[in-house]
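Read off the chains here:
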Amino acid sequence: MRPSSHLIALVLAMAALTVIVSVWWRDMSMPLVFLWVVLAVVTAGDLVFLALSGRMAVDVDLPPQGFVGHAAPFTIVINRQDGKLPEAIDIRLDAAPELVIGERRMERADGGPVKTSFDLQLTRRGQFSVRELWLKWPSRLRLIDRIVRLPVAREISVVPDISPVLSGAIKTQILPLKAGQKDLRLRGEGSEFHQLREFADGMDPRSIDWKRSARMRSLVVREMRAERNHQIILCIDSGRLMAEQLGGFTKLDRAINAALAMCWGAGLAGDLVGFYSFDSRPRLFVPALPGRAAFPRLQTVCAGLRYETQETNHTLGLTHLSGRLKRRSLIVIFSDFVDAITAELMIENIQVLARHHFIVYVALRDPILAKLVEPEETTLDAIARSVAARQILQERRAVMEKLARLGVLCLDSTPEALTSDLIARYIEIKSREMI
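Everything quoted here is computed from the prediction, not taken from an experiment.

## Section: the overall build of the chain
Point 1. Of regular secondary structure, the chain possesses 12 helices and 19 strands.
Point 2. Looking at the chain as a whole, 43% of its 435 residues qualify as buried.
Point 3. In the chain, 71% of the contacts between residues at least 6 apart in sequence involve partners at least 24 apart.
Point 4. Within the structure as shown, the chain displays about 23500 Å² of accessible surface, and the carbon and sulfur contribution to it stands at 55%.

Pasting the structure below:
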C-alpha cells in the first residue's frame, strides 16, 4: 500500500496552510492541530477499511502457441470472494520485450467479475513469458492505493506463421497444378505424358500421335501435363540485414513464412522440397523430400532458426549449396542487400549457380521508401529523405535488372504480398516448364 496522489496533494496543501497560519496567525495553532488529527484519523480509517476488504481471485489465460506477426490475447478475470469490486482497477503486465502489449479491453458486469484482455503482439519467434501481473486500486476515500504483485509465469511459443496453409489459401492458389476433385492440370503444355485421347475438332494437330493413330486406325492425341517431382530448395539468408524490422517484424520471419507456404504448395503440386540457410557461414541443410512430408520437418527447423548479427557471406554460402546439389533444381533465394556495390559478390555467385539451376531471387521492398520519394511537405529534411529514398530504389532496380539479364527470376515484393506473389511465380514456373 502507498499514499495516493490525492492524499499527497492534501498533505502538501495542509502543510502550506500550516506554514502561512503559523507566520501570520499564531493563535490559530489549535484549529490546525485539529485538522491534522482529523486527516490522520480519516486516513487510518480508510487504510483499515481497505485492509479488511475481501480478497480478490485472479485467473489468467494465455494460449500456449501463437504465430509470429499476429496478436495473442492475454485474458485476466478478477473476482472478489466477498464484497464488491473497486470501480477503478489499474492492470499492468511485466512481459518479455518481444511481447508488445497492445490495446486493452475491459468488460465489467454489474456485481460480477471484471474481464480484461490485452493484445500481445508477437514480434519474434521463440519461447517468451509473461512474468508478473500488477494490480492497483484505490481505497473508498481514494487516500490509499493498494498495489498487488501476482506471479504469472505463463509462457507462449511463437512459431512461424502458417495461417495461409491452415486457411486453405495456398490450396486455392495451387489448384491449377493439383489433381483433385477439380482436375485443372495444364494439359497439352507440359513435358510429362498424361493420357491418350481421341482427336476432336479444335485440338492442336501437332499433338496427334501418328504411330498410335495408325495402329488404332483413328486419330488420337497425346495429352501432356506439367512435370512433377522437381527438386525445390528454399534458401534463406539469416544474416544481419534479414534481422531488420519491416512492418512490425523481421525480414527473416517474413521469409520463413513465405518459404513454408511455398513448401506446402509444392507438396500439393507433387514436388520435392529441401531447405538451406546461411549467414557468415553455411548453417542448416535439409535434403529434398516430398513436399507434404517435408513440411513438418521444415516447420520445426525454421522455428529454431536464429537471428544472426553477422554479415552474410554469399560466396561461402552459395558455393556450399552448389556442392550439395546433384541435380538441376529450382532454388528460391531469400536475401537482401544495401546497395549495388555490396550486392556485387552476391550477383557473381548467383550467376555461377544459375548455370546449372533455375534461380528465383526474393527480396522485400520497404513500402516506406515509396512514400518518402514524393513527400507531402517541401521542407529541407523531406527533400533530403526523398533524394536518398529515390537513390536506394534506383540501385535496387539496377541490381534486379542485372540479375534478370543472367536468367534469374526476381521477385521484389512488399511484406504483405510476399506469400501470394511467390506462389503465383511458382505456378508460372511450373506451367511454363521453366525448371
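## Quick notes on a nonpolar patch on the surface
Point 1. Together, L17, F34, L35, V38, V42 and L141 make up a nonpolar patch on the protein surface, roughly 500 Å² of accessible area in all.
Point 2. Looking at the nonpolar patch, the element that brings in the most residues is helix 2 (residues 29-52), giving four residues.
Point 3. Tracing the backbone through its elements, the reader meets F34 in helix 2.

## Things to note about the packing of helix 8 (residues 314-324) against helix 9 (residues 344-354)
Point 1. It is the contact of helix 8 with helix 9, at a shortest axis distance of 9 Å, that shows an interaxial angle of 10 degrees. Classified by the angle their axes make, helix 8 and helix 9 are roughly parallel. On the side of helix 8, the interface is formed by H314, T315, L318, T319, L321 and S322, while helix 9 contributes L345, M346, N349, I350 and L353.
Point 2. For the contact of helix 8 with helix 9, a count of residues per class yields six nonpolar, five polar and no charged.

## A closer look at helix 7 (residues 291-303)
Point 1. In a regular helix each residue adds 1.5 Å, so 13 residues correspond to 18 Å; helix 7 covers 18 Å between its end C-alpha atoms and thus fits that length.
Point 2. Restricting attention to buried positions, one finds in helix 7 the residues G291, A294, F295, L298 and C302.
Point 3. The inward-facing, buried residues of helix 7 contact helix 3 (163-167), strand 12 (231-237), helix 6 (251-268), strand 15 (272-278) and strand 16 (282-290).

## With respect to the packing of helix 9 against helix 11 (residues 380-405)
Point 1. Running from N to C, helix 9 and helix 11 point in directions that differ by 15 degrees, and their axes come no closer than 10 Å. Classed by the angle they form, the pair helix 9 and helix 11 counts as roughly parallel. The way helix 9 lies across helix 11 gives a crossing that is right-handed. On helix 11, the residues that touch E344, M346, I347 and I350 of helix 9 are V399, K402 and L403.
Point 2. Among the residues forming the contact of helix 9 with helix 11, the class breakdown is five nonpolar, no polar and two charged.

## Things to note about the packing of aromatic side chains
Point 1. Within this structure, the stated rule accounts for three aromatic pairs.
Point 2. Taking 6.2 Å as the distance between ring centres and 65 degrees as the angle between the ring planes, the aromatic pair formed by Y276 and F285 counts as edge-to-face.
Point 3. Grouping aromatic residues by their ring pairs yields a cluster made of Y276, F278 and F285.
Point 4. In this structure, R254 is placed above the aromatic ring of F249, and the distance from its NZ or CZ to the ring centre is 4.0 Å.

## Considering the state of the cysteines
Point 1. Within the structure shown, the criterion is met by zero disulfides.
Point 2. Free cysteine C263: the closest other cysteine sulfur is in C302, separated by 8.5 Å.
Point 3. A residue is classified by how much of its surface remains accessible, and C302, at 1% relative accessible area, is buried.

## Here we look at the pattern of salt bridges
Side-chain pairs of opposite charge can arise whenever the charged atoms involved come near each other.
Point 1. In this structure the tally under the stated criterion is 15 salt bridges.
Point 2. Across the pair E308 and R283 runs a salt bridge, and its minimum N-O distance is 3.8 Å. A residue pair is termed long-range when its members are at least 10 positions apart, and E308 in the loop between helix 7 and helix 8 and R283 in strand 16 qualify at 25 residues.
Point 3. Residue classification places R283 among the partly exposed residues on the basis of a relative accessible area of 29%.
Point 4. The closest approach of N and O atoms between D336 and R396, which form a salt bridge, is 3.1 Å. Residue D336 is found in the loop between strand 17 (330-334) and helix 9, and its partner R396 is found in helix 11; the two are separated by 60 residues along the sequence.
Point 5. With a relative accessible area of 7%, R396 lands in the buried category.
Point 6. Residues participating in the shared-partner salt-bridge network are E244, K251, D336, R365, R396 and D412.

## Some points on unusual backbone geometry
Point 1. For A153, which is not a glycine, the phi torsion comes out positive at approximately 55 degrees.
Point 2. Mapping A153 onto the fold places it in strand 9 (residues 144-159).
Point 3. Here A153 falls in the exposed class, since its relative accessible area comes to 61%.

## What about the pairing of strand 17?
Point 1. The buried fraction of strand 17 is high, at five of five residues.
Point 2. On strand 17, burial covers both faces: L330, V332 and F334 on one face and I331 and I333 on the other are all buried.
Point 3. Bridge count between strand 12 and strand 17: five bridges; the pairing is parallel. Residue I233 lies in a different strand from strand 17, and its bridge partner there is I331.
Point 4. Sheet analysis places strand 17 next to strand 18 (residues 358-364), joined by five bridges and oriented parallel. Looking across to strand 18, one finds that F334 is bridged to V362.

## Thoughts on the nonpolar core
Proteins that are soluble and globular tend to have nonpolar side chains buried together.
Point 1. With 48 residues, the main nonpolar core has L234, L298, L330, V332 and F334 as its most contacted residues.
Point 2. With 11 residues, the single largest contributor to this core is helix 6.
Point 3. When sequence neighbours within four positions are dropped, the list of residues in contact with V332 reads I233, L234, C235, M262, V360, V362 and L422.
Point 4. Within the second largest apolar cluster, 27 residues are counted, among which are M56, I78, V130 and L133.

Thresholds applied
- Residues numbered from 1 in each chain as written.
- Predicted model: local features only at pLDDT ≥ 70, side-chain atom pairs only at ≥ 80, totals over all residues.
- Heavy atoms only, no water.
- Helix = DSSP H or I, 4+ residues; strand = E, 2+ residues; numbered from the N terminus.
- Buried < 20%, exposed > 50% of the residue type's maximum accessible area, 1.4 Å probe, protein only.
- Contact = heavy atoms within 4.5 Å.
- Areas by Shrake-Rupley, 256 points an atom, 1.4 Å probe, with all protein chains shown as cover.
- Patch = residues over 30% accessible without salt bridge, like charges linked within 9 Å, V, L, I, M, F, W, Y side chains within 5 Å.
- Salt bridge = Lys/Arg side-chain N within 4 Å of Asp/Glu carboxyl O.
- Axes fitted to C-alpha atoms, helices over the stretch in contact; angles between N-to-C directions.
- Parallel < 35°, antiparallel > 145°, perpendicular 65-115°, else oblique.
- Nonpolar A, V, L, I, M, F, W, Y, C, P; charged D, E, K, R; others polar.
- Expected span 1.5 Å × (residues − 1).
- Left-handed = near helix turned anticlockwise from the far one by under 90°.
- Phe/Tyr/Trp six-rings, centres within 6.5 Å; stacked < 30°, edge-to-face > 60°.
- Lys NZ or Arg CZ within 6 Å of the ring centre and 35° of its normal.
- Disulfide = S-S within 2.5 Å.
- Pairing = 2+ DSSP bridges.
- Core = buried A, V, L, I, M, F, W, Y, C linked by side-chain atoms within 4.5 Å.

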